[in-house]
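Each chain is listed here by its residues.
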Amino acid sequence: MSRIGKQPVPIPEKVKVDVKADNTVFVEGPKGKVNKTFSPVVKISIADKKVTFAPTEETRFSRAMYGTARSVVAGMVKGVTEGYTKELEIQGVGFKANLKGKQIDLALGYSHPIVFDIPDGIKVTITDQTKLKIEGVDKQLVGAVTAEIRSYYPPEPYKGKGVRIVGERVRRKEGKTVA
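This structure is a prediction, so every number in the text was calculated from the model and none was measured. (Residues numbered from 1 in each chain as written. Predicted model: local features only at pLDDT ≥ 70, side-chain atom pairs only at ≥ 80, totals over all residues. Heavy atoms only, no water.)

1. Section: the sheet that holds strand E9 (residues 103-107)
Phase 1 of the analysis: Sheet architecture is open: three strands sit in the order E8-E9-E10, paired in antiparallel fashion. Looking along the sheet, the strands with just one partner apiece sit at the ends: strand E8 (96-100) and strand E10 (114-117). Direction aside, the axes of adjacent strands within the sheet are offset by 25° on average.
Phase 2 of the analysis: In this sheet, E9 lies alongside E8 in antiparallel orientation, the contact comprising five bridges. Residue pairing across strands places Ala-97 opposite Leu-106, the latter belonging to E9. (Pairing = 2+ DSSP bridges. Helix = DSSP H or I, 4+ residues; strand = E, 2+ residues; numbered from the N terminus. Axes fitted to C-alpha atoms, helices over the stretch in contact; angles between N-to-C directions.)

2. Concerning unusual backbone geometry
The phi torsion of most residues other than glycine is negative, and most of the peptide bonds are trans.
Phase 1 of the analysis: Positioned with a positive phi, Lys-49 is a non-glycine residue whose angle comes to about 55°.
Phase 2 of the analysis: Within the secondary structure, Lys-49 sits in the loop between strand E5 (42-47) and strand E6 (50-55).

3. Describing helix H2 (residues 60-81)
Phase 1 of the analysis: The end-to-end C-alpha distance of H2 is 33 Å, a good match for the 32 Å that 22 residues give at a rise of 1.5 Å each.
Phase 2 of the analysis: For H2, the set of buried residues is Ser-62, Tyr-66, Gly-67, Ala-69, Arg-70, Val-73, Gly-75, Met-76, Val-77, Gly-79 and Val-80.
Phase 3 of the analysis: Just beyond H2, the residue with positive phi is Gly-83, at close to 85°. (Expected span 1.5 Å × (residues − 1). Buried < 20%, exposed > 50% of the residue type's maximum accessible area, 1.4 Å probe, protein only.)

4. Some details on the pattern of salt bridges
Phase 1 of the analysis: Overall, the coordinates contain four salt bridges when judged by the stated rule.
Phase 2 of the analysis: Note that Asp-18 is salt-bridged to Lys-20, the shortest N-O span being 2.8 Å.
Phase 3 of the analysis: Residue Asp-18 is classed as partly exposed on the basis of its relative accessible area of 30%.
Phase 4 of the analysis: Across the pair Lys-100 and Asp-105 runs a salt bridge whose closest N-O atoms are separated by 3.2 Å.
Phase 5 of the analysis: The exposure class assigned to Asp-105 is buried, which follows from its relative accessible area of 17%. (Salt bridge = Lys/Arg side-chain N within 4 Å of Asp/Glu carboxyl O.)

5. Details of the side chain of Thr-24
Phase 1 of the analysis: Looking at where Thr-24 falls in the secondary structure, it is placed in strand E3 (residues 24-29).
Phase 2 of the analysis: Among the polar contacts made by the side chain of Thr-24, one reaches the side chain of Asp-22 at a distance of 2.9 Å.
Phase 3 of the analysis: In this structure the side chain of Thr-24 is engaged in a polar contact, spanning 2.9 Å, whose partner is the side chain of Thr-37.
Phase 4 of the analysis: Leaving out residues up to four positions away in the same chain, Thr-24 has contacts with Asp-18, Val-19, Asn-35, Lys-36 and Thr-37. (Polar contact = N/O pair within 3.5 Å; in protein donor to acceptor, adjacent residues only side chain to side chain. Contact = heavy atoms within 4.5 Å.)

6. Some remarks on the packing of aromatic side chains
Phase 1 of the analysis: In this structure the tally under the stated criterion is three aromatic pairs.
Phase 2 of the analysis: Between the aromatic rings of Phe-95 and Tyr-153, the centroid separation amounts to 5.1 Å while the plane-to-plane angle is 70°, which identifies the pairing as edge-to-face. Taken together, the positions of Phe-95 in the loop between strand E7 (84-91) and E8 and Tyr-153 in the loop between helix H3 (139-151) and strand E13 (162-165) put the pair 58 residues apart, joining distant regions of the chain. Judged on exposure class, the residue Phe-95 and its partner Tyr-153 are both buried.
Phase 3 of the analysis: Ring geometry for Tyr-110 versus Tyr-153: centroids 5.8 Å apart, planes at 50°, classification tilted. (Phe/Tyr/Trp six-rings, centres within 6.5 Å; stacked < 30°, edge-to-face > 60°.)

7. What to know about the environment of Lys-6
Phase 1 of the analysis: By the secondary structure assignment, Lys-6 is in helix H1 (residues 3-6).
Phase 2 of the analysis: Exposure remark for Lys-6: the relative accessible area of 56% places this residue in the exposed category.
Phase 3 of the analysis: Distance from Lys-6 to Tyr-152, taken between C-alpha atoms, is 41 Å for residues 146 residues apart in sequence.

8. What about H3?
Each α-helix winds once per 3.6 residues, and so residues spaced three or four apart point in a common direction.
Phase 1 of the analysis: For H3, built from 13 residues, the straight-helix expectation of 18 Å at 1.5 Å per residue is met to within 8% by its first-to-last C-alpha distance of 18 Å.
Phase 2 of the analysis: Considered for burial, the residues of H3 that qualify are Val-142, Val-145, Thr-146 and Ile-149. Buried residues of H3, viewed axially, fall in a sector of 95°; they line one side. The exposed residues of H3 that point more than 90 degrees off its buried face are Lys-139 and Gln-140. (Arc of directions from axis to C-beta.)

What follows is the structure, encoded as structure tokens:
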């Protein structure tokens, strides 16, 4: 049995949690709203300011999913109270990013600019044209946006150019030597 799934998720003061019959959980708080539908093998219930989880069957899948559902709902509650933030850093000569409305214009050394549409629920702040701060209430969406922007030019091992997550360590390689 999952030890994580047995722990209830406490609901803070300013947060409202609602569970529908189709196992959809709605969480609303000061930073925004999120919702997620879970598998019917998990029973989700709310009692005295806590969300509890239990497997509906005694299968391996249902035991795994009720721990996962608990972690996701805990992340949703944290997202609507505190929010999630990821920071990216662009390194390389001439590499930069500009914000144009709901789009990010990336110049990453290609013959064309890369235009990335910012999805709803995500706020992007660009400082010094090389530092991007991605904020939102949905942990999965913040991570997906960060990963997609990074995928346009991941850091390369020889000069270290590219888009990297702040704190990411890039293993550098030694270049060719002339004998």
